[in-house]
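The residues making up each chain are set out below.
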Amino acid sequence: MSSTADPQQSFRFYMALSKLPWPRSYFLKILALCFVGTHIPLIGTAVACILVLDVPVQTERSVLLIMLAATVAAAAATVFFVRGMLAPVSAVTHELERYRQSGAFQPLPGRGADEAAVLMRTVNALLDEVTETRSELERRSNMDTLVGIGNRRWLLSKAETLLTRPSNDWAPTTVAIIDLDNFKTINDTAGHAAGDEVLRQVGRILLAHSRPTDIVGRMGGDEFCIVFPLCDVTAAAAALERMRKAVSETDLTQKFGVAVSLSAGLTPRQDADENLDDTLARADRALYEAKAAGRNRIEIARSGETVPH
């Protein structure tokens, strides 16, 4: 029965060499071993010629010179080929460090069947798995898993990133806060499963009536937010009206026996806004006015209204 050797046993010689003060480079360690290995025959031959064999001095010199030249040539070739053979180790080290710093890497050429090829293929597979896992974790951290759209953190981050660019990239921008009407009644009357279905369908409607450049997210509960870059209030209000109408025309009201509708408040981004919170606060007040005016409607923040600090 065969037994698997402890991989750590093969490190004994390497660890012993690593304790030497010189050479510190892995490449130089291998070259030193090659140098010793190739020069031992030369030294042994020289000693034998001088002390043991009865070889004429002239012949000794000729032979030693030939052997010395051959050894130097072999050593130079060894340096070249050893460096080439160690290239996979250097490449793996470089790509791992690059991935650690930037999260990006260049796939290594893992063709072949030797240990170096296996090492490169293993590193490629490992980094692919780590990248996929990181992407999935990032997606989940940014996604509202119930509704299937971005969550509050994702939306605020995307909006802040957008608004920190030069104004030519986003002005004008309109921000809308959207809230479902009577959502508590839906949960209390038809149950939380019904409320979840309403949220999912509303999320799909908001996405369907938004542009690919619009930032659509769920702020929490039954509140949503849409940031319309390069879109004035009139165009944003028209888009919101289509969303409001689409929600009212679903079969959700008939299905759950409770009126399903939405109200929205929207506002343009103003030069006086110090941050996104100022814009959101103004849109939120417009939403409150829509609720107070009877719900199932859209209100635009009054022109020139600012947020007190």
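Parameters and conventions
- Every chain's residues receive numbers from 1 upward, in the order its sequence appears when written.
- It should be noted that, the model being predicted, local features are given only for residues of pLDDT at least 70 and side-chain atom pairs only at 80 or more, the latter also being counted only at that level, while totals for whole chains, interfaces and linings use all residues.
- Side-chain measures here rest on the full set of heavy atoms in the structure, leaving out hydrogens and waters.
- The numbering of helices and of strands both runs from the N terminus, where a helix is a DSSP run of H or I of at least 4 residues and a strand a run of E of at least 2.
- Three exposure classes are used, based on accessible area relative to the maximum for each residue type with a 1.4 Å probe and protein chains only: buried under 20%, partly exposed in between, and exposed over 50%.
- Residues count as neighbours in contact if any of their non-hydrogen atoms are within 4.5 Å of one another.
- The term polar contact refers here to a pair of N or O atoms within 3.5 Å; inside protein, the definition further demands a hydrogen-donor-capable atom paired with an acceptor-capable atom, and it admits residues adjacent in sequence only when both atoms are side-chain atoms.
- Here the nonpolar core consists of buried residues drawn from Ala, Val, Leu, Ile, Met, Phe, Trp, Tyr and Cys, with membership extended through side-chain atoms lying within 4.5 Å.
- Aromatic contacts are taken between Phe, Tyr and Trp rings whose centres are within 6.5 Å, Trp giving its six-membered ring; a plane angle under 30 degrees counts as stacked, one over 60 as edge-to-face, and the others as tilted.
- To count toward a patch, a residue needs a relative accessible area over 30% and no salt bridge; like charges are then connected within 9 Å, while nonpolar side chains (Val, Leu, Ile, Met, Phe, Trp, Tyr) are connected within 5 Å.
- Working definition of accessibility: Shrake-Rupley area with a 1.4 Å probe, residue cover restricted to the visible protein chains.
- One side-chain nitrogen of Lys or Arg within 4 Å of one carboxyl oxygen of Asp or Glu is enough to make a salt bridge.
- The pairing criterion is simple: DSSP has to find at least two bridges between the two strands.
- For the handedness criterion, the strands are oriented away from the viewer, and a crossover whose path from the first strand over the helix to the second runs clockwise is classed as right-handed.

Turning next to the overall build of the protein chain. Along the protein chain, the regular secondary structure elements total eleven helices and seven strands. Taking all 309 residues of the protein chain together, the buried fraction comes to 36%. Counting contacts in the protein chain only where the partners sit at least 6 residues apart, residues at least 24 apart contribute 63% of the total.

What follows deals with the side chain of Ser263. For Ser263, the location among the structural elements is in strand E6 (residues 261–268). A polar contact is formed between the side chain of Ser263 and the backbone nitrogen of Asn296, at a distance of 2.9 Å. In contact with Ser263, not counting residues within four places along its chain, are Ile177, Ile178, Asp179, Asp181, Leu287, Ala290, Lys291, Arg295, Asn296 and Arg297.

Looking now at the nonpolar core. Counting 34 residues, the largest nonpolar core has Ile178, Val198, Leu206, Phe224, Phe228, Leu240 and Leu266 as the members making the most contacts within it. Breaking this core down by element, the ones donating at least two residues are strand E3 (173–181), helix H7 (183–190), helix H8 (192–208), strand E5 (223–229), helix H9 (233–248), helix H10 (252–256) and E6. For this core, the element with the most residues is H9, which contributes eight residues. Formed by 15 residues, the second largest nonpolar core is a distinct cluster that contains Trp170, Val175, Met219 and Leu287.

Okay, the packing of aromatic side chains next. Under the defined criterion, the tally for this structure stands at one aromatic pair. For the ring pair Tyr99 and Phe105, a centre distance of 5.8 Å and an interplane angle of 75 degrees mean the geometry is edge-to-face. By relative accessible area, Phe105 is classed as buried at 18%.

Once that is clear, we can look at a nonpolar patch on the surface. On the surface, Tyr26, Val89 and Leu119 cluster together into a nonpolar patch covering about 240 Å² of accessible area. Mapped onto the fold, Val89 is located in helix H4 (residues 87–102). Taking relative accessible area as the criterion, Val89 reaches 35% and is therefore assigned partly exposed.

Looking along a regular strand, one sees the side chains alternate between the two faces of the sheet. The buried fraction of E6 amounts to seven of the eight residues, a majority that puts the element mostly inside the structure. Where E3 and E6 come together, eight bridges link them in antiparallel fashion. Each residue of the ladder has a partner; that of Thr174, found in E6, is Pro268. Two elements, E6 and strand E7 (residues 298–300), share three bridges in a ladder whose sense is parallel. For Gly265, the partnering residue across the bridge sits in E7 and is Glu299. Handedness of the crossover is the feature at issue here: the chain leaves E6, passes through helix H11 (residues 276–292), returns alongside E7, and the resulting connection is left-handed.

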